[in-house]
Amino acid sequence: MIAKLISLSLRNRYIVLLISAALFGWGLYSVQTNKVDAIPDLSENQVIVFTEWMGRSPQIIEDQITYPLVTNLQGLPEVKYVRGSSMFGMSFIYVIFEDETDVYWARERVLERLSSVGNMLPEGVAPTLGPDGTGVGHILWYTLDAPGMDLGEQRAIQDWYVKFGLQNVKGVSEVASFGGFQKQYQITLDPNKLTYYKLSVPQVIQSIRANNNEAGGRKFELSDIGYIIKTTGYLQSAEEIQNIAIATNNTIPVRVRDVATVQMTGESRLGIFDLNGEGEAVGGIVVMRYGENADEVIDNVKLKMAEVAKGLPEGVKFNIVYDRSGLINESIDSIKKTLIEEMLVASVIVFLFLFHWRSALVILIQLPLSVAIGFILLNAFGISSNIMSLTGIALSIGVIVDDAIVMVENAYRHLADAQKGKEWMEED
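Residues numbered from 1 in each chain as written. Predicted model: local features only at pLDDT ≥ 70, side-chain atom pairs only at ≥ 80, totals over all residues. Heavy atoms only, no water.

As recorded in an unreviewed UniProt entry, the chain goes by the name Efflux RND transporter permease subunit, listed as coming from Pontibacter populi.

Given below as structure tokens:
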């Protein structure tokens, strides 16, 4: 079979060269379109379900949220296992699917099941899906370099301007903010005053919720002009919250300011983000979407950063803390250099041993062609160019060289023997 294949190739050498050229061109195209990353994504195919119920202990979270969700998500198709984790005020469910399962199909199945378990959870609790990223999806970290600006203002810029701008980049799943203070209106109740006015905490909460609303009326026409009646009740300042009436005591309204203090403050924090020991900083983590090209996404994020920076306050700029593109470029350049060195060394060795440039040319042509075909297969199986895959190609060069050396040397010896036999026959 091998002899027939070699004979067929020798009789149709131009067709073989044409096929080889086509494969090499296809391989060059595959090299340009192949997804590039430094770290191979070996994480499990999972969907994260996050549920928040602030102020509750881990045991309450486990009994009323984590356990009902885990038991209901176990019957999904193609699920390997379901893990649950409960902590103060939060619940995390990790639904692990089979490796060949499409991640977005899996997310749809989880959403379908979550829509049927809402009645089993406490009132006001709504589970949400985590981002469609993976454990190695953190491709870029940045902070805001804003000298003289307080942390609350920096966090407001990050949450309400920068984050929304970067989330529009193709391939970005989420921009997670960190550091600073999240601004909020905080109402501190005085229990002695509540007792004096015979009020309860739920009454205060209900009054504030009822007043932070907008109600629509009806439409009527007057003098051929249509009017729409509505009431605007959204709270916009601490003074408006202070003036909310909770109850009436002897025809005198009891307001929030009579039983509590209202102030603008930051949300309670469980930690801080310090940058190089120089103090607290505010920034974000760019999370790449599952299956995207890391190198391309990072470039697009940097271009978007330059566009977003034009709208930042004067003196505020981006400071990139972690950028995976440097590791990606160094890894790719190192492997490329290794491949070129191996091809050149193998060709030189063959040339020195055989002292025949055509034999060395066979080796030199075979190596890049084999690498190009390897990238075709990488694209076919959806494998990115990373340290693991490129190192595998580099190691396989040795096998390819051994095979080529044996074939070339064998052909060279047979041709030499044939030539010597021909010379003997002519002498006889």
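Q: Provide a residue-level description of the packing of helix H5 (residues 151–166) against helix H10 (residues 294–308), including the pertinent values.
A: Where H5 contacts H10, the two axes come as close as 9 Å, and the packing angle between them is 145°. For the pair H5 and H10, the sense of crossing is right-handed. Residues Tyr161, Val162, Gly165 and Leu166 of H5 touch H10, and the partners they reach there are Val301, Lys304, Met305 and Val308. Of the residues belonging to the contact of H5 with H10, the class tally is six nonpolar, one polar and one charged. (Axes fitted to C-alpha atoms, helices over the stretch in contact; angles between N-to-C directions. Helix = DSSP H or I, 4+ residues; strand = E, 2+ residues; numbered from the N terminus. Left-handed = near helix turned anticlockwise from the far one by under 90°. Contact = heavy atoms within 4.5 Å. Nonpolar A, V, L, I, M, F, W, Y, C, P; charged D, E, K, R; others polar.)

Q: How would you summarise the side chain of Ser91 if you had to cite specific residues and measurements?
A: By the element assignment, Ser91 lies in strand S3 (residues 90–97). A distance of 2.8 Å separates polar atoms of two side chains, one belonging to Ser91 and the other to Thr66. Residues contacting Ser91, with those up to four places away along its chain left out, are Val49, Phe50, Thr51, Ile61, Ile65, Thr66 and Ser85. (Polar contact = N/O pair within 3.5 Å; in protein donor to acceptor, adjacent residues only side chain to side chain.)

Q: So what about the UniProt feature "transmembrane region" (unreviewed entry) in the chain? Which residues, and what values?
A: Within this structure's numbering, the places UniProt gives as "transmembrane region" (unreviewed entry) are residues 12–29 and 362–381. The straight-line gap between the two end C-alpha atoms of residues 12–29 is 26 Å; of that span, 94% is helix and 0% is strand. Summarising residues 362–381: 95% helix, 0% strand, and an end-to-end C-alpha distance of 29 Å. (UniProt positions renumbered as here; feature names shortened; annotations may be inferred.)

Q: I'd like a description of the environment of Glu108, backed by residues and values.
A: As for its placement among the helices and strands, Glu108 is situated in helix H4 (residues 103–114). Of the residues examined, Glu108 reaches a relative accessible area of 43% and is grouped as partly exposed. Along the sequence, Glu108 and Leu151 sit 43 residues apart, while their C-alpha atoms lie 38 Å from each other. (Buried < 20%, exposed > 50% of the residue type's maximum accessible area, 1.4 Å probe, protein only.)

Q: With reference to specific residues and values, describe the packing of aromatic side chains.
A: In this structure the tally under the stated criterion is six aromatic pairs. Ring plane angle 70° and centroid distance 6.2 Å describe the contact between Trp160 and Phe164, whose orientation is recorded as edge-to-face. Taken together, the residues Trp160 and Phe164, both in helix H5 and four residues apart, mark about one turn of the helix. According to the relative accessible area criterion, Trp160 is exposed, its value standing at 65%. Phe164 gets classed as partly exposed once you look at its relative accessible area, which sits at 41%. Seen from their ring centres, Phe178 and Phe273 are 4.3 Å apart, and the 45° between their planes marks the pair as tilted. With Phe178 in strand S6 (residues 172–178) and Phe273 in the loop between strand S12 (260–266) and strand S13 (283–288), this residue pair connects regions lying 95 residues apart in the sequence. Each member of the pair, Phe178 as well as Phe273, carries the same accessibility label: buried. (Phe/Tyr/Trp six-rings, centres within 6.5 Å; stacked < 30°, edge-to-face > 60°.)

Q: Kindly report on helix H7 (residues 201–211), identifying the contributing residues and their values.
A: Among the residues of H7, Val204, Ser207 and Ile208 are the ones counted as buried. Along H7, the residues classed as buried sweep out an arc of 95° about the axis, all on the same side. Opposite the packed face of H7, turned more than 90 degrees from it, sit the exposed residues Pro202, Gln206, Arg209 and Ala210. Against strand S7 (183–189), helix H6 (191–196), strand S10 (245–249) and helix H9 (256–259) lie the buried residues of H7. (Arc of directions from axis to C-beta.)

Q: Any chance you could break down unusual backbone geometry for me, citing the residues and the numbers?
A: Phi angles above zero are rare outside glycine, and Lys198 is one such case at about 55°. You can call Lys198 exposed: its relative accessible area is 75%. The phi torsion at Thr251 lies on the positive side, around 65°, for a residue other than glycine. Along the chain, Thr251 turns up in the loop between S10 and strand S11 (252–255).

Q: I'd like a description of the side chain of Ser173, backed by residues and values.
A: With respect to the secondary-structure elements, Ser173 resides in strand S6. A distance of 2.5 Å separates a polar atom in the side chain of Ser173 from a polar atom in the side chain of Asp132. Ignoring sequence-local partners within four residues, the contact set of Ser173 consists of Pro131, Asp132, Gly133, Val287, Met288 and Arg289.

Q: Please give an account of the nonpolar core that cites residues and values.
A: In this structure, Ile139, Tyr142, Val162, Phe318 and Leu367 are the most contacted members of the largest nonpolar core, which totals 43 residues. Breaking this core down by element, the ones donating at least two residues are strand S5 (138–145), H5, S6, S13, H10, helix H11 (324–354), helix H12 (357–380) and helix H13 (387–427). One finds Val49, Ile93, Phe97 and Leu114 within the second-largest nonpolar core, a separate group that totals 20 residues. (Core = buried A, V, L, I, M, F, W, Y, C linked by side-chain atoms within 4.5 Å.)

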